[in-house]
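# Coordinates in review
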Protein chains: 2
Amino acid sequence: GNLVYYPRRAPRPRRCQSHTNSLTSHTPPPASQPLGEPAEAQSGRRDREMECKDVGILAMDMYFPPTCVQQEALEVHDGASKGKYTIGLGQDCMAFCSEVEDVISMSLTVVKSLLEKYHIDPKLIGRLEVGSETVIDKSKSIKTWLMQIFEESGNTDIEGVDSSNACYGGTAALLNCVNWVESRCWDGRYGLVVCTDSAVYAEGPARPTGGAAAIAMLIGPNAPISFESKYRASHMAHVYDFYKPDLASEYPVVDGKLSQTCYLMALDSCYRQYCAKYEKLVGEQFSISDADYCVFHSPYNKLVQKSFARLYFNDFMRNCSSVDNDAKEKLQPFANLTSEESYQSRDLEKGSQQLAKHLYDIKVQPSTLLPKQIGNMYTASLYAALASVIYNKHASLVRFWFYASILYLYAFVSHVHSL
Amino acid sequence: GNLVYYPRRAPRPRRCQSHTNSLTSHTPPPASQPLGEPAEAQSGRRDREMECKDVGILAMDMYFPPTCVQQEALEVHDGASKGKYTIGLGQDCMAFCSEVEDVISMSLTVVKSLLEKYHIDPKLIGRLEVGSETVIDKSKSIKTWLMQIFEESGNTDIEGVDSSNACYGGTAALLNCVNWVESRCWDGRYGLVVCTDSAVYAEGPARPTGGAAAIAMLIGPNAPISFESKYRASHMAHVYDFYKPDLASEYPVVDGKLSQTCYLMALDSCYRQYCAKYEKLVGEQFSISDADYCVFHSPYNKLVQKSFARLYFNDFMRNCSSVDNDAKEKLQPFANLTSEESYQSRDLEKGSQQLAKHLYDIKVQPSTLLPKQIGNMYTASLYAALASVIYNKHASLVRFWFYASILYLYAFVSHVHSL
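Residues numbered from 1 in each chain as written. Chains lettered and ligands numbered in written order. Predicted model: local features only at pLDDT ≥ 70, side-chain atom pairs only at ≥ 80, totals over all residues. Heavy atoms only, no water.

The number of helices and strands found in chain A is 14 helices and 13 strands. Buried residues in chain A amount to 62% of all 419 residues. Sequence-distant contacts in chain A: of pairs separated by 6 or more residues, those separated by 24 or more amount to 76%. (Helix = DSSP H or I, 4+ residues; strand = E, 2+ residues; numbered from the N terminus. Buried < 20%, exposed > 50% of the residue type's maximum accessible area, 1.4 Å probe, protein only. Contact = heavy atoms within 4.5 Å.)

Shown next as structure tokens:
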């Protein structure tokens, strides 16, 4: 084959690497803004109630393999028409694990890196949650491999396991950690969330939508990125659009068209529920213009473009004042489509994307840096998008709108207080 | 083969069964003690703080396959010496899934059964967590199959995924649900925990330690079985004693001797940490005499006997006043063993079991009913033991000591307020 490899960094074959390809290493927190200190273990409940505000992400680190393939070269190799992957899918590069690494080595690397960079004593970790849909062993969790990092410190008292539910497992792991800090059993230590996946597809149309990465997030109170919990909305359903029934194969079975429709249906459902909860509690209509940035799970960038346009169409259907008259006029012909028709209409898809383009450039484009360069990272994809916004816009962050997971979906809003 | 099948009930091949082999159906809650009502969704945080006391298990249901093999017959079939499985392992029967059921059908059955028996509106479930180490699909979670039960009600807004970490996944799922109810994001609805597993071993010494069952537990505040969170202790380590690296096989790879030592080491570690936390907070020494019942994860009954004796030995080493002088004298010869030597000493094992026998009969035996009859249920095993105590002792329950999971272990105490 004539694939062009673009090594971002020399491969490091050791299981536990001390230096990583890292986003957040470029922007360490200034010394004047130290990490939120964990409360001393076993302090009284009342004290913890006081301390336990703004629970969220205190620090973040990311690792992705040093090897990738450029989508332009993959087009040539596959005999695909020029632009099919770069414009059709909207992707630039695709990272992949070579034979010296896997989801376990990536997660070991990123956890060790985060603890070292932010000078976190391993004894101060009280919960460790892993989100992944890449199965190396059917019983032994990835979390147990990560316990090696804590062996030397003697800290074996760490709750948390692996969460699995396609791409949503990382978000489940994050929410579990946040809930733990807010619960009565919190002992004052940090939570640590790891999202690690390697997305590999059989030869065919899905192959260019692979990718690989691991992300680690330190969780605790008084966080610069905290979660608004009251308007959270989820959509879970029993669908066979993406699954891995052949246990011996690393390839999923994918129904691409069904999977895309599921993504958009779940997006609609989450957004509808989210808006209803927001409006009930706040007493005002919500529209995407109220969010400074929207962060989506990104199987490939084109689906993110379609999703944002779909939210814009939702706002039109909800008669939001933020949709201008010109857009209203242009979307009017689609107002009476059934929802099934609306998912299939190419004209609506194209029209709404054009109308939402000016908002996409402001609210979504800053989140697309890493997902376009690395590809689909499954559980880590949403948080790579979040890291991209932080990297691009850390001077002016206010409010996000999150959207996670290709299949089983979920939406939440995060307030960013300072960075 | 000359295996004797002992059908407990006629097989019901439908995926979703409306009647199940059930423990709790024999003891429905009296009408004068209704289930704790969930708070209305989205009520204010202050109200929820008030309501959110005594979070724990409101209701429980269990399903196990109608087919099993008697261990006596299995001894004959395997050409094993008489008593090897019944006395050596301490097991009576072993349930197994026939070709018409699996972990998914069992979990569908038990969830439907619990909702029907306790008249729970499916819309009132806000979180659904599954613990399992039986992998049917590497990406699609068991939780998504269970979403079928909620389809008709239109409730798709249900958080939670599958938790996987060998036998500990069920306990992780339970703790996640409890933390959710205690967190800021709780919307007033019930949590639902499902533990479902089928334990099947390759021909050889581990085969008689199989089993199969699913357990469902409804979680909310004001529960008759609530969890004491302050003294919880976990022990997590990276060990290859039990794992499933051959993804195409349903058999685990087991190092029986190492696995048993791991269990006892983790038990020691949890108990030591638990006692230290208890003594720091309460200011009194803890010993097993302070617990009315001890509930263990039960791969086979003999290991439960050994584990309880090990706790008794711990109390001796900690110089607890509850260990009488006769026992102190008999255990003195083992006081100077290294901990490694103490795990290998047959004399200590036998001696401590004899000395603890009178306490075992009171504190542990009531929990052994279902695990001895059904076999190892992996994630469901601990909760089958809990259900056994409730069944046997519901008139006089006060306090438990829990111990979960064969590999990656964990301990917590539960207060039972009333039943």
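For the rest of this paragraph, the subject is the packing of helix 8 (residues 256–282) of chain B against helix 9 (residues 301–317) of chain B. All names here are of chain B. Interhelical geometry of helix 8 versus helix 9 gives an angle of 40° and a closest axis separation of 10 Å. Between helix 8 and helix 9, the interaxial angle falls into the category oblique. Seen along the crossing, helix 8 lies across helix 9 with a hand that is right-handed. Of the residues in helix 9, those in contact with Q260, Y263, L264, L267, D268 and Y271 of helix 8 are L303, K306, S307, R310, L311, N314 and D315. Of the residues belonging to the contact of helix 8 with helix 9, the class tally is 6 nonpolar, 3 polar and 4 charged. (Axes fitted to C-alpha atoms, helices over the stretch in contact; angles between N-to-C directions. Parallel < 35°, antiparallel > 145°, perpendicular 65-115°, else oblique. Left-handed = near helix turned anticlockwise from the far one by under 90°. Nonpolar A, V, L, I, M, F, W, Y, C, P; charged D, E, K, R; others polar.)

Turning to the environment of G56 of chain B, a few remarks are in order. Residues and elements named next belong to chain B. With respect to the secondary-structure elements, G56 resides in strand 1 (residues 56–63). Separated by 170 residues in the primary sequence, G56 and S226 place their C-alpha atoms 4.0 Å from one another. Residues contacting G56, with those up to four places away along its chain left out, are L218, I219, G220, A223, I225, S226 and F227.

This part is about the pattern of salt bridges. Scanning all chains against the criterion turns up 34 salt bridges over all chains. Close ionic contact of E182 of chain A with R184 of chain B constitutes a salt bridge, the shortest N to O distance being 3.4 Å. Residue E182 of chain A is located in helix 7 (residues 169–182), and its partner R184 of chain B is located in the loop between helix 7 (169–182) and strand 6 (190–199); the two belong to separate chains. Under the relative-accessibility criterion, E182 of chain A is labelled buried at 8%. A salt bridge links R127 of chain B to E129 of chain B; the shortest N-O distance between them is 2.7 Å. Under the relative-accessibility criterion, R127 of chain B is labelled buried at 2%. Since its relative accessible area comes to 1%, E129 of chain B is described here as buried. (Salt bridge = Lys/Arg side-chain N within 4 Å of Asp/Glu carboxyl O.)

This brings us to the side chain of D157 of chain B. Positionally, D157 of chain B belongs in the loop between helix 6 (148–151) and strand 5 (162–164). Given a relative accessible area of 8%, D157 of chain B falls into the buried group. In this structure D157 of chain B touches R232, A233, S234, Q273 and K277 of chain A together with G126 and R189 of chain B, once residues within four positions along its chain are discounted.

This part is about the relation of the copies chain B and chain A. Once chain B is rotated about the relating axis by 180° and shifted along it by 0.0 Å, it coincides with chain A to within an RMSD of 0.0 Å. What we have between these two chains is a two-fold relation. Looking at the interface residues of chain B, 99% of them are also at the interface in chain A, so both copies use one shared face. (Least-squares fit on C-alpha atoms with pLDDT ≥ 70 in both.)

Turning next to the interface of chain B and chain A. Chain B puts 72 residues into the contact, and the matching count from chain A is 71 residues. In this assembly, chain B packs against chain A so that about 5800 Å² is buried in total across both faces, 47% of it on carbon and sulfur atoms. Together, K138, R184 and H238 of chain B form the three largest contributors to the area buried by chain B at its contact with chain A, with a combined 14%. The interface formed by chain B and chain A holds 6 salt bridges in total. Measuring nitrogen to oxygen at the nearest pair gives 2.8 Å for the salt bridge that ties D157 of chain B to K277 of chain A. Applying the counting criterion to the chain B and chain A interface returns 38 residue pairs in polar contact (both at pLDDT 80 or more). (Buried area = accessible area lost by both parts, 1.4 Å probe. Polar contact = N/O pair within 3.5 Å; in protein donor to acceptor, adjacent residues only side chain to side chain.)

The subject of this paragraph is the UniProt feature "binding site: CoA" (unreviewed entry) in chain A. Residues and elements named next belong to chain A. Residues given the UniProt feature "binding site: CoA" (unreviewed entry) here are S259, K302 and K306. For the annotated residues, spread through 48 residues, the largest C-alpha to C-alpha distance comes to 13.7 Å, consistent with a single compact locus. Structurally, S259 is set in helix 8 (residues 256–282). Judged by its relative accessible area of 4%, S259 is buried. Of the polar contacts made by the side chain of S259, one reaches the side chain of D241; its length is 3.2 Å. Here K306 lies in helix 9 (residues 301–317). With sequence-adjacent residues up to four places away left out, K306 is seen in contact with Q260, L264, E349 and Q353. (UniProt positions renumbered as here; feature names shortened; annotations may be inferred.)

What follows is about the pairing of strand 7 (residues 211–220) of chain A. All names here are of chain A. Taking burial as the measure, the 10 residues of strand 7 include 10 buried ones, the bulk of the element. Note: strand 1 (residues 56–63) against strand 7, 7 bridges, orientation antiparallel. Along strand 7, the bridge assignment pairs G56 with G220. Note: strand 6 (residues 190–199) against strand 7, 9 bridges, orientation antiparallel. Opposite A199, over in strand 7, you have G211 as the bridge partner. (Pairing = 2+ DSSP bridges.)

All right, on to helix 4 (residues 103–117) of chain B then. All names here are of chain B. In a regular helix each residue adds 1.5 Å, so 15 residues correspond to 21 Å; helix 4 covers 21 Å between its end C-alpha atoms and thus fits that length. With respect to burial, helix 4 is a largely interior element, 12 of its 15 residues being buried. Next to the buried residues of helix 4 lie strand 1, strand 4 (125–131), helix 5 (142–146), helix 6, strand 6 and strand 7 (211–220). With a side-chain oxygen positioned 2.9 Å from the backbone nitrogen of I104, the residue opening helix 4 is D102. A positive phi of about 55° marks H119, the residue just after helix 4. (Expected span 1.5 Å × (residues − 1).)

A few words on the packing of aromatic side chains. All names here are of chain A. For the coordinates displayed, the defined rule picks out 24 aromatic pairs over all chains. Where Y231 meets Y278, the ring centres are 5.1 Å apart and the plane angle is 70°; that geometry is what we call edge-to-face. With Y231 in strand 8 (residues 225–235) and Y278 in helix 8, this residue pair connects regions lying 47 residues apart in the sequence. Following the ring pairs from residue to residue traces out a cluster consisting of Y231, Y271, Y274, Y278 and F286. Stacked on the ring of W145, the Lys or Arg K140 has its end atom at 4.6 Å from the ring centre. (Phe/Tyr/Trp six-rings, centres within 6.5 Å; stacked < 30°, edge-to-face > 60°. Lys NZ or Arg CZ within 6 Å of the ring centre and 35° of its normal.)

Here we take up the UniProt feature "active site" (unreviewed entry) in chain A. Using the residue numbers shown here, the UniProt feature "active site" (unreviewed entry) corresponds to E133, C167 and H297 of chain A. Within the element layout of this structure, E133 of chain A appears in the loop between strand 4 (125–131) and helix 5 (142–146). Once residues lying within four places of it in the same chain are set aside, the contact partners of E133 of chain A are A166, C167, D197, F242, K244, Y378 and T379 of chain A together with K138 and S139 of chain B. Along the polypeptide, C167 of chain A turns up in the loop between strand 5 (162–164) and helix 7.

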